[in-house]
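Coordinates in review
Each chain is listed here by its residues.
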Amino acid sequence: MTWSATARGAHQPDNTAFTQQRLPAWQPLLSASIALPLFFCAGLAFIGLGLGLYYSSNGIKELEYDYTGDLGTSNCSVCAAAGQGRAPPPRCSCAWYFSLPELFQGPVYLYYELTNFYQNYRRYGVSRDDEQLSGLPSALRHPANECAPYQLSAAGLPIAPCGAIANSLFNDSFSLWHQRRAGGPYVEVPLDRTGIAWWTDYHVKFRNPPLVNGSLALAFQGTAPPPNWHRPVYELSTDPNNTGFINQDFVVWMRTAALPTFRKLYARIRQGNYSAGLPRGAYRVNITYNYPVRAFGGHKRIIFSSISWMGGKNPFLGIAYLVVGSLCILMGFVMLVVYIRYQDQNDEDEE
Amino acid sequence: MTELLQWARYHWQRLVSGTPRDDDERPYSYFSLLACGGKPSRTPRAAGKHRVVVPHLWPFKDEYEKFSGTYVNNRIRTTKYTLLNFVPRNLFEQFHRAANLYFLFLVVLNWVPLVEAFQKEITMLPLVVVLTIIAIKDGLEDYRKYKIDKQINNLVTKVYSRKEKKYVDRCWKDVTVGDFIRLSCNEVIPADIVLLFSTDPDGICHIETSGLDGESNLKQRQVVRGYAEQDSEVDPEKFSSRIECESPNNDLNRFRGFLEHSNKERVGLSKENLLLRGCTIRNTEAVMGIVVYAGHETKAMLNNSGPRYKRSKLERRANTDVLWCILLLVIMCLTGALGHGIWLSRYEHIPFFNIPDPDGHVISPLLAGFYMFWTMIILLQVLIPISLYVSIEIVKLGQIYFIQNDVDFYNEKMDSTIQCRALNITEDLGQIQYLFSDKTGTLTENKMVFRSCSVAGFDYCHEENARRLESYQEAVSEDADAAGPPSGSLISMVKPRAPSCRTVHNGPLGSKSSNHLTGSCSASGSGEGASEGPHSRQAAFSSPIETDVVPDTRLLDKFSQITPQLLASLDETTPDPPLEALYIIDFFIALAICNTVVVSAPNQPRQKVGLSALSGMPIKSLEEIKSLFQRLSVRRSSSPSLASGKEPWSGVPHAFVSRLPLFSRTKPASPVEEDVSRTDRSPQGSGTSARPIETEKRNGDTDVAGSKAEPLPGQPLASSLCYEAESPDEAALVYAARAYQCTLRSRSPERVVLDFAALGPLTFQLLHILPFDSVRKRMSVVVRHPLSGQVVVYTKGADSVVMRLLAAAAPDGPSLEKQQVMIREQTQKHLDGYAKRGLRTLCIAKRVMSDTEYAEWLSNHFSAETSIDNREELLLESAMKLENKLTLLGATGIEDRLQEGVPESIDALHKAGIKIWMLTGDKQETAVNIAYACKLLEPDDKLFILNTESKDACVMLMDTILKEIQKKNPASPEPASLSEDLHRPPAAQNSGLQAGLVITGKTLEFALQESLQRQFLELTACCQAVVCCRATPLQKSEVVKLVRSHLQVMTLAIGDGANDVSMIQVADIGIGISGQEGMQAVMASDFAISQFKHLSKLLLVHGHWCYIRLSNMILYFFYKNVAYVNLLFWYQFFCGFSGTSMTDYWVLIFFNLLFTSAPPVIYGVLEKDKSAETLMQLPELYMSGQKSEAYLPRTFWITLLDAFYQSLVCFFVPYYAYRGSDIDIFTFGNPLNTAALFIILLHLVIESKNLTWIHGLVIVGSILSYFLFALAFGAMCVTCNPPSNPYWIMQEHMLDPVFYLVCVLTTCAALLPRLTYRVLQGSLFPSPILRAKHFD
């Protein structure tokens, strides 16, 4: 019987697939037979990826050195001991000597690593003023309240850059010297200290306040540097493109680390003879030891690392892929057994 | 938690509305057409104070100001809000939900600088969104109410204006107390009015109360005494009386007051004088009255109650788990606080990251730990799903949408579909364990069909009638498949329609009536099916199957011997056969007049048939009892649009009728023209009895000559009379009498006119009616017999009662007495036989009284009527005095046919593990037979009958039965405890003895006593089915209460009548059948269906789906929140428990609010673990819901464990992947978030058994919205959201292969266990649900 529109009762529901809940649907029947190929395929793919990742991670070279200076471990212990209990610690230098038997494949990145340093501690992490850092003049004069107690100096001047993060800026510095031949002179390896921050951070997020009479110093006039700093922010570097809030060390530091053990990029080695990497030979890293970490049980490390498409050295991802892939294969086999053993039974059930 | 808050909210609402009545206590929830769902916003004045109403005309101005000035006018406002107060009031209401308060608390907490975790504004967002959504919903609802209010307020009525000295049009809202109002027929009453004038000569006015209580039958109202006698209309100018009445109250059945004339004479007012707002004037040309209550003080408005509020089992379960979540939250926060304290004590003096306060002090670890606790609560707040409650509400709306839109629930005969009146217990439908069903009207059609009668000891089995019914039955079942649209008009009728014709050809009927094929073809097609047309309820109880009784030939033969001469020799001692004839005459007179049936002619649908000029002793006795509530059940107004031509037509009965000599001889001729015009004028008006004529017309289309005789006015054709009876039984008997040419012609309060075949019209002076009540179980009429002049009492009632009231007769007495004994024995035998066949039996008896006897009784009765104290008892006593020493005339058997599809439904529900109890007021045999007929009891079931007269016997019997069951069922363990018994798998019960239990009302009374309850329940637990017969409404509800509270089971009660209301309200789910017995059951119910058979789909399919959907969705919500929040928690271990979030706050908030909110809702609305067909075919699948398998405490904890595992994977895979790198906080959070999104969404895909394009759309949409948001936010937010700055992070990551690798690995590793589990489950130990999936 066909229903004409007029013959329909006023309250008759529409007979559509939607209202009658008969929409065509994919009904995933999760059973061994269907999941089998899925598991095997996924397992194989994961193992393949895992192998790739593992080898590419293994291909990355890393050279690291702990220069915290725990008792007698290195010549930095002197500095460490000297700085003990004094803040700010006196200027102190130490060096790390190492030699490369073969070429350290480039591009080589120089990192420093801090451990046990809680940049992600909430009260630390919020203690900054992004508007000030973006060069907003008003924010320069009136730092955000979050910066307290590093908002205003003792003299009542606004601190620029304000806040605990800026105040705790990492201030060790490194220089790399290469001795081509044994007994030969050490040549300084040029460290590219630019381009270590995110492009967007350096170009957009961090801006210096508008220059006053073409002078950055005047722009910052009437502000105080953070208490731990020895020099004002506009003197962080002599390079006008790398000083003030857009100093790349500063920008890198301000991108607070996710975990209490973290690295920060210090420099890239890519210039001159060193664009292909660090050639074999003896090296010396001169360290200006300023940053006190021993008070909180932290360590400072210096790391040379090459870089691949997957970033720094990290075997975990490859291994994890391998493990998960193997699990998938294993499950696949279990399901194969299940499939073979129980399929007949299920068929019987259905009959 | 929510339970508490709902409770608080509810009570607060009650407080505000000021109506101190409890949901559970109020007997019926009356529902007004005029103000749906609103609640009175004004407090009715305390009872006891009186209201004085004086006319609102200027001579009384001062007085009016004094008395009536403060009464509210007729403007109504059911809206909760106005434009001005909407925001504050809505907020105020919303904050009565504990969940909202909790989130408000969090917001406030975040404003405390010491514990602040997020930016202050951000925490407000979820709350604001939720509040806004609810506010919009409330606002829209309120706006709809506002529009309805406005519409109603602007309706026009006629109010007397002194200025113009006539009745002028005025808006309803301008009507005030004391106004005189004049209403015409079919107008809606604007306020509560005291009736002062009616054009009806008897001073009667009929009102239809369907707007008030859904009952479409008419009720009589009377003009105030003293005014009825006036011929002319009351002149408002001259009206100088004043009315004093009680303060406004919500009791529809009470109105007390008096009218005081200027001469201080007082006239009592009762509810009979009150016209209630919202009712419609019917059958009366015009009425006039004075307003006593207006607007919100009218009874209709005071009876408005809000929607029903119930909490489902699943939600109660979910609420406990919310509490678990709170505990979990507290544990996590304590961990954070403790961890932070310890961490801080290690680094207390490191100014690098332990930042001192501005004053240089460093916060102590202990204090910091304490603050951290609160910070953590803010941070991890998402664990308590704010969106859960909103989502549940949305999902339930969706579920209800689908239930209401299921075409399978559509009843085309009534053009009605399922009504969901309770919005929040859909999932309870999937967990029903006990079903309590009424019998009459629920399992059966409540269409009483006269089947058999026994007169003077002879059984007349009416075989032809039986055959007619059988053919109907087949036609119906055939017709059900064809599902033809009810035919519209005569024209459309004549068109042959294929399916209908098939019906006829297939049925036995077709062959029989082949000569009438064209006629009966179309007719039978719509046959019985169409007879329940959309407005059939108005022409209640009069489908052809009921009205057209085919007489028994043997009885007809005896009838033919009846001559007036026979009656003339009434007083002489007559030989046996004539005596039998007398019995027959009396029997049919009793059938025809012993009732409260109202006769109306179909061509004057709203006109009573009565000789209005009758004079005589007006007996307005027993006013207080039902007589004035005689259900006249007359049709509604005959507007053609309403009728829309779904008039039942049937030629089938005619096919038989016309072949019967008697009928064809006396068949009244009807003018065709008259017929056609009548049909045109009021298509549905031509009553059922007109049908044979119509058919005849079609049959003999060309032969219209000789049928021109006009029916006499006031003397309508016998077959065109409509009988409108209080109960269908009565109508059936009257129709049966009509079949034997004993036609009830008219009835007025004073007399009854009867057309008796051989004797001509007989006019009985009606002396008294003792209406039916459930205590006496009988009714009587006292008439003066027109032939003998004697006072005769005709009594009709339940056999058990009437048999006891018969005049005692010794077996060895005179021959007359001997014969009586013989008749009694025979009749009892026949009665037993009828009951065995499942017929409803009634006994007919009479008593001849001498005038003195009667006078004596009458005086007694009057004193009873006029007494103030225990009037009811006195009246009962008086009735007892009248109804004894009866002479048995005979008995009738009336069949109440099973509804279509009932046995199948019961069978399916049985298989679904639902225990079905039938609770009926019928007698045991009838009930048992119906139980067998509807497969409630199987033929090989062992039947135990509990029918004892004393409690001790009851105990003994129950003991014996229990022992017997245990003996036969050695396998099943002794039901040591009820709970154990309950959890015994139904399979075990099935394996053993199949037992049914029948218990009668009296025994039930014992069984319901405290001491026997346990034993009774134990006994019933052993039985597949329980039949309670002779149960009172109260017992019904007590049984439900007992089972519900003692067995802790989910109960469903289904019924159709007022007697089921209490049961429906007590059960977890009440279902009303919108049938013939008014709307009270529907009004009290949570769901209203039109046929019992719909119940099986409602439970097995929708119930199952709703339960599975909602429980899975709730579990998913818990999973989702725990999994996501734990990411934050794990991070605390690496940030010194400092409450840092590695995710941008906006993303964090939106994650729950936006990115992952729609998929679970869609899942909750659309999930289908099995197709509807499978669920219907395998009712066993329903058991999973009964056992709450989808949501056990175990399931909850497994879900939480899985959530923990997934969050661990989701956190630690990225953690190890990025450990030791130069990653910053928010860059680290990005892959976590992204992976979590994929995990959470794909988890849903794994759990879904049914994925449609809508799922696909929503999931893809969620993912896209996440990425789009992250990209847009990352591109635009340079400094906007310190310190969590997402600037360019997503963009960086989208170019980073490691990001993808991490996300893929995380997602796969997190979902692997669940996927494996599901796969293995599907193969190794498929649940019945999965197994059934293969059948799809």
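Sequence order as written defines residue numbering, which begins from 1 separately in each chain. Labels follow written order: the first chain is A, the first ligand is 1, and so on. With pLDDT at 70 or above as the cut-off, local features in this predicted model cover only qualifying residues; side-chain atom pairs require 80 or more to be listed or tallied, and sums for whole chains, interfaces and linings still use all residues. Hydrogens and water are ignored here; the side-chain numbers use all heavy atoms of the structure.

Details of the nonpolar core
Each nonpolar core is a collection of buried residues, namely Ala, Val, Leu, Ile, Met, Phe, Trp, Tyr and Cys, held together in the definition by side-chain atoms within 4.5 Å. Here's how the labels work: a residue is buried when its accessible area is under 20% of the maximum for its type, exposed when over 50%, partly exposed in between, all with a 1.4 Å probe on protein chains only. Within the largest apolar cluster, 224 residues are counted, with the highest numbers of intra-cluster contacts made by Trp253(A), Leu278(A) and Phe304(A). Ranked by residues supplied to this core, first place goes to helix α40 (residues 1094-1132) of chain B with 19 residues. Those residues in contact with Leu278(A) that sit more than four places away from it in its chain are Leu100(A), Glu102(A), Leu103(A), Phe104(A), Val108(A), Leu176(A), Val189(A), Ile269(A), Tyr283(A) and Phe304(A). Grouped together as the second largest cluster of nonpolar side chains are 70 residues, Leu744(B), Leu754(B), Phe764(B) and Leu831(B) included. A run of H or I in DSSP counts as a helix once it spans at least four residues, and a run of E counts as a strand once it spans at least two, with each numbered from the N terminus. Pairs of residues are marked as contacts when any of their non-hydrogen atoms sit within 4.5 Å.

Some thoughts on the interface of chain B and chain A
Counting residues at the interface gives 98 residues for chain B, matched by 91 residues for chain A. Both sides of the chain B and chain A interface together cover about 8100 Å² of buried area, and 67% of this is carbon and sulfur. The salt bridge definition used is simple: a Lys or Arg side-chain nitrogen within 4 Å of an Asp or Glu carboxyl oxygen. Taken together, the links from chain B to chain A amount to 1 salt bridge. Note that Arg255(A) and Asp1224(B) form a salt bridge whose closest N and O atoms lie 3.1 Å from each other. Residues adjacent in sequence count toward polar contacts only when both atoms are side-chain atoms; beyond that, a polar contact is any pair of N or O atoms within 3.5 Å, and within protein one must be able to donate a hydrogen and the other to accept it. Taken together, the links from chain B to chain A amount to 22 residue pairs in polar contact (both at pLDDT 80 or more). Summed over both partners, buried area is the accessible surface (1.4 Å probe) that two parts give up on being assembled.

Topic: the sheet that holds strand β5 (residues 108-114) of chain A
Residue and element names in this part refer to chain A. Strand order across the open sheet formed by 4 strands is β2-β11-β5-β8, with antiparallel pairing between neighbours. Of all the strands in the sheet, just β2 (62-66) and β8 (262-269) have a single pairing partner and so form its edges. With direction set aside, neighbouring strand axes in the sheet form an average angle of 20 degrees. Strands are labelled as partners when DSSP assigns at least two bridges between them. Alignment of β2 against strand β11 (residues 300-306), held across 5 bridges, turns out to be antiparallel. Pairing of Glu-62 across the sheet is with Ser-305, part of β11. Lines fitted to the C-alpha atoms define the axes, with helices restricted to the stretch that makes contact. Angles between their N-to-C directions range from 0 to 180 degrees.

Side note on unusual backbone geometry
Trans is the common state for peptide bonds, and a negative phi is the common state for residues other than glycine. Residue Pro149(A) is reached from Ala148(A) by a cis peptide bond, and omega for that bond is 5 degrees. Structurally, Pro149(A) can be placed in the loop between α5 (137-141) and α6 (164-167). Here the amide bond leading from Ala160(A) into Pro161(A) is cis, since omega sits at -10 degrees, within 30 degrees of zero. Take Pro161(A): it is sitting in the loop between α5 and α6. The phi angle at Arg1030(B) is positive, at roughly 55 degrees, despite the residue not being glycine. Checked against the element boundaries, Arg1030(B) lands in the loop between β30 (1025-1029) and α37 (1033-1047).

Overview of the state of the cysteines
Residue and element names in this part refer to chain A. The term disulfide is used for any two cysteine sulfur atoms that are within 2.5 Å. Inspection of the entire model under this criterion finds 3 disulfides over all chains. Cys-76 shares a disulfide with Cys-94; S-S distance 1.9 Å. What sets the handedness of the Cys-76 and Cys-94 disulfide is the S-S torsion sign, and at about 80 degrees it is right-handed. Remark: Cys-94 occurs in strand β3 (residues 93-100) and Cys-76 occurs in helix α2 (residues 76-83); sequence separation between them is 18 residues.

Notes on helix α42 (residues 1158-1166) of chain B
Residues and elements named next belong to chain B. Across the 9 residues that make up α42, a large majority, 8, are buried. Within the sequence span of α42, burial applies to Pro-1159, Pro-1160, Val-1161, Ile-1162, Tyr-1163, Gly-1164, Val-1165 and Leu-1166. The elements touched by buried residues of α42 are α10 (386-404), α40, α41 (1145-1155), α46 (1225-1247), β34 (1251-1252) and α47 (1253-1276).

A short note on the UniProt feature "transmembrane region" (unreviewed entry) in chain A
UniProt positions are given in the numbering used here, feature names are shortened, and annotations may be inferred rather than shown by experiment. Here the UniProt-annotated "transmembrane region" (unreviewed entry) positions come out as residues 34-55 and 316-342 of chain A. Taken end to end, residues 34-55 of chain A comprises 100% helix and 0% strand; its first and last C-alpha atoms sit 33 Å apart.

Brief notes about the pattern of salt bridges
Enumeration according to the criterion identifies 42 salt bridges over all chains in this entry. Of the charged contacts, one joins Arg263(A) and Glu62(A) as a salt bridge, the two residues approaching to 3.0 Å between their closest N and O atoms. Of this pair, Arg263(A) sits in strand β8 while Glu62(A) sits in strand β2, and the two are 201 residues apart along the sequence. Residue Asp1060(B) pairs with Lys1036(B) through a salt bridge whose shortest N-O separation is 2.7 Å. Of this pair, Asp1060(B) sits in the loop between β31 (1051-1055) and α38 (1061-1066) while Lys1036(B) is found in helix α37, placing the two residues 24 residues apart along the sequence. For Asp1060(B), a relative accessible area of 0% gives the class buried. For Lys1036(B), a relative accessible area of 1% corresponds to the buried category. One connected set of salt bridges, linked through shared partners, spans Glu62(A), Glu64(A), Glu113(A), Arg263(A) and Arg301(A).

Overview of a nonpolar patch on the surface
Residue and element names in this part refer to chain A. A cluster of nonpolar side chains, contributed by Ile-319, Val-323, Leu-327, Leu-330 and Val-334, occupies part of the molecular surface with about 380 Å² of accessible area. Topologically, Val-323 is positioned in helix α10 (residues 315-350). Owing to a relative accessible area of 45%, Val-323 belongs among the partly exposed residues under this scheme. Exposure above 30% relative accessible area and the absence of a salt bridge qualify a residue for a patch, where like charges join within 9 Å and nonpolar side chains (Val, Leu, Ile, Met, Phe, Trp, Tyr) within 5 Å. Computed by Shrake-Rupley with a 1.4 Å probe, the accessible areas treat only the displayed protein chains as cover when residues are assessed.

Observations concerning the side chain of Glu883(B)
All names here are of chain B. Summarising the element assignment, Glu-883 is placed in the loop between α29 (871-882) and β26 (887-898). Within polar-contact distance, the side chain of Glu-883 engages the side chain of Ser-780 at 2.4 Å. Each residue touching Glu-883, except ones within four places of it in the same chain, is listed here: Leu-770, Arg-776, Arg-778, Met-779, Ser-780, Thr-795 and Leu-805.

Looking at the pairing of strand β15 (residues 434-438) of chain B
Note on strand geometry: in a regular strand, side chains alternate between the two faces of the sheet. All names here are of chain B. For β15, the buried fraction is high: 5 of the 5 residues fall into the buried class. Of the two faces of β15, the one carrying Tyr-434, Phe-436 and Asp-438 and the one carrying Leu-435 and Ser-437 are both buried. Bridge analysis of β15 against strand β27 (residues 915-919) gives 5 bridges, and the strand direction is parallel. Bridge pairing in β27 places Phe-436 opposite Trp-917. Pairing of β15 with β31, which is carried by 4 bridges, proceeds in the parallel orientation.

A short note on the packing of aromatic side chains
Classification of ring pairs uses Phe, Tyr and Trp, with its six-membered ring standing for Trp, and accepts pairs whose centres are within 6.5 Å; under 30 degrees between planes counts as stacked, over 60 as edge-to-face, and the remaining range as tilted. In the structure shown here, the tally under the stated rule is 85 aromatic pairs over all chains. Considering the side-chain rings of Tyr109(A) and Tyr111(A), the 6.4 Å spacing of their centres and the 20 degrees angle between planes classify their relative orientation as stacked. According to the relative accessible area criterion, Tyr111(A) is buried, its value standing at 8%. Ring geometry for Phe1134(B) and Tyr1215(B): centres 4.4 Å apart, planes at 35 degrees, overall tilted. Residue Phe1134(B) is found in the loop between α40 and α41, and its partner Tyr1215(B) is found in helix α45 (residues 1193-1218); the two are separated by 81 residues along the sequence. We call a charge positioned above a ring when the Lys NZ or Arg CZ atom is no farther than 6 Å from the ring centre and deviates by at most 35 degrees from the ring normal. If you follow Arg255(A) out to its NZ or CZ, it ends over the ring of Trp198(A), 3.7 Å from the centre.

Side note on the packing of α40(B) against α46(B)
Residue and element names in this part refer to chain B. Between α40 and α46, the least distance of the axes is 11 Å, while the angle of their chain directions is 160 degrees. Comparing their axes, α46 and α40 come out roughly antiparallel. Judged by the twist between their axes, the crossing of α40 over α46 is right-handed. Seen from α40, the contacting residues are Tyr-1116, Tyr-1119, Lys-1120, Tyr-1124, Leu-1127 and Tyr-1131; seen from α46, they are Ile-1225, Phe-1228, Leu-1232, Asn-1233, Ala-1236, Ile-1239, Ile-1240, Leu-1241, His-1243 and Leu-1244. Side-chain classes are defined by residue name, with Ala, Val, Leu, Ile, Met, Phe, Trp, Tyr, Cys and Pro counting as nonpolar, Asp, Glu, Lys and Arg as charged, and the others, Gly among them, as polar. Split by residue class, the contact of α40 with α46 holds 13 nonpolar, 2 polar and 1 charged. Any angle from 65 to 115 degrees is called roughly perpendicular, while one under 35 is roughly parallel, one over 145 is roughly antiparallel, and all others are oblique. In this scheme the handedness of a crossing depends on how the near helix is turned from the far one: anticlockwise by less than a right angle means left-handed, clockwise means right-handed.

Considerations on the pairing of β5(A)
Residue and element names in this part refer to chain A. Within β5, 7 of the 7 residues are buried, leaving the element largely enclosed by the surrounding structure. Burial along β5 is two-sided: Val-108, Leu-110, Tyr-112 and Leu-114 facing one way and Tyr-109, Tyr-111 and Glu-113 facing the other are all buried. Relative to β8, β5 runs antiparallel, the two being bridged by 7 bridges. If you follow Tyr-109 over to β8, its bridge partner there is Arg-268. Both β5 and β11 contribute to a ladder of 7 bridges, which runs antiparallel. From the neighbouring strand, Tyr-112 faces β11, where its bridge partner is Ile-302.

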